[in-house]
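Examination of the molecular architecture
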Amino acid sequence: MAGIFISYRRDDSQGFAGRLADDLTEILGPELVFHDVEIPAGYDFTEVLTRAVAASDVLLVVIGRNWRAPSAHTAKSRLFDPADWVRAEIEAAFDQGKHVIPVLVAGANMCNATELPKSISHLSKLQAFQMTDRRWDDDIQDLVKLLLKAVPELRAESAREQLGPAASPAQVLHELGERVLEAVIHRRDGSGRSENSI
């Protein structure tokens, strides 16, 4: 099943990532958007993240101004820490050949290869998608078009999700028939009232 994994830093772009997840969920369906993977106690975080990324086809890397900020222990970016969750998500996506799209928010700039560990330096070569508060609604529509073009399976999965897991062709036809009947009754009621008012 096709899906979208949203990678972000909580102290960098949590609000933007949440808004992005909500909008994509509304447009494509809740089964297609993965957000906030919880790592159970006692589990290897790398293994859990690798499996979560494996369940998706696209990794959206939400990058804000503090995305590559230094860690509390060194002057280097947290990305150079092998135990960094964001790094692990991007590494898993590249290792598995997933489609990776950097999404710039809050006026952030794309990073250079020298600002990234070698394992994810390829990220700097990818064309980034920029989103702004002022154009957010338009940006979301453009991003959805980009996603559907990059992963055509998302369109089929989204259509299936909107029909619902239990929807059969017979149920769909029955629902359409009811809608047509309601429309006909509504028109008759409307025309009847207009005739009485003349």
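In this report, we go over the structure that sits alongside the text. (Residues numbered from 1 in each chain as written. Predicted model: local features only at pLDDT ≥ 70, side-chain atom pairs only at ≥ 80, totals over all residues. Heavy atoms only, no water.)

**Remarks on the overall build of the chain**
Note the following rule: Secondary structure follows DSSP: runs of H or I at least 4 residues long count as helices, runs of E at least 2 residues long count as strands, and numbering of each begins at the N terminus. Think of it in three bands: residues with accessible area under 20% of the maximum for their type are buried, residues over 50% are exposed, and the middle band is partly exposed, with areas taken using a 1.4 Å probe on protein chains only. We call two residues in contact whenever any of their non-hydrogen atoms come within 4.5 Å of each other. All accessibility values rest on the Shrake-Rupley procedure with a 1.4 Å probe; residue burial counts only the protein chains present in the view.
Summing up its helical and strand segments, the chain has six helices and five strands in all. Each helix and strand of the chain, placed in order from N terminus to C terminus, yields the pattern β-α-β-α-β-α-β-β-α-α-α. In the chain, which comprises 198 residues, the share counted as buried stands at 38%. Taking the intrachain contacts of the chain between residues at least 6 apart in sequence as the baseline, contacts between residues at least 24 apart amount to 73%. When the accessible surface of the chain is summed, it comes to about 12,000 Å², and 51% of that surface belongs to carbon and sulfur atoms.

**Describing the side chain of Asp-139**
Residue position: Asp-139 is located in helix H4 (residues 136-150). For Asp-139, the contacting residues outside a window of four places in its chain are Phe-129, Gln-130, Met-131 and Thr-132.

**Quick notes on the packing of aromatic side chains**
To keep things clear, this is the line we draw: Aromatic pairs are defined between Phe, Tyr and Trp rings, using the six-membered ring for Trp, whenever the two ring centres lie within 6.5 Å; interplanar angles under 30 degrees are classed as stacked, those over 60 as edge-to-face, and all others as tilted. Here, a charge over a ring is recorded when the distance from Lys NZ or Arg CZ to the ring centre is within 6 Å and its angle to the ring normal is within 35 degrees.
For the structure shown, the criterion picks out one aromatic pair. Judged by centre distance (6.2 Å) and plane angle (35°), the rings of Phe-16 and Trp-136 are tilted. Within this pair, whereas Phe-16 is found in helix H1 (residues 10-28), its partner Trp-136 is found in helix H4, the two being separated by 120 residues in sequence. Positioned over the ring face of Phe-80 is Lys-76, at 4.7 Å from the centre of the ring.

**Quick notes on the sheet that holds strand S2 (residues 33-34)**
The strands that make up a sheet are held in pairs by hydrogen bonds between backbone atoms, and each pair lies either parallel or antiparallel. We count it as follows: Strands pair, by our definition, only if DSSP identifies at least two bridges between them.
Pairing within the open sheet is parallel, and its five strands lie in the order S2-S1-S3-S4-S5. Two strands lie at the open edges of the sheet, namely S2 and strand S5 (129-130), each paired on one side alone. Both strand S1 (residues 4-7) and S2 contribute to a ladder of two bridges, which runs parallel. Paired with Phe-5 across the bridge in S2 is Phe-34.

**Brief notes about the environment of Gly-18**
With respect to the element layout, Gly-18 can be found in helix H1. With 17 residues separating them in the primary sequence, Gly-18 and His-35 have C-alpha atoms 8.0 Å apart.

**Details of the side chain of Ser-56**
As a reminder, the rule being used: Pairs of N or O atoms are called polar contacts if they sit within 3.5 Å, as long as, within protein, a hydrogen donor faces a hydrogen acceptor (for residues adjacent in sequence, only side-chain-to-side-chain pairs).
Take Ser-56: it is sitting in the loop between helix H2 (45-54) and strand S3 (58-63). Residue Ser-56 is classed as buried on the basis of its relative accessible area of 2%. Engagement of the side chain of Ser-56 in a polar contact is seen with the backbone oxygen of Val-53, the distance being 2.8 Å. Excluding residues within four positions of it along the chain, Ser-56 makes contact with Gly-3, Ile-4, Phe-5, Phe-34 and Lys-98.

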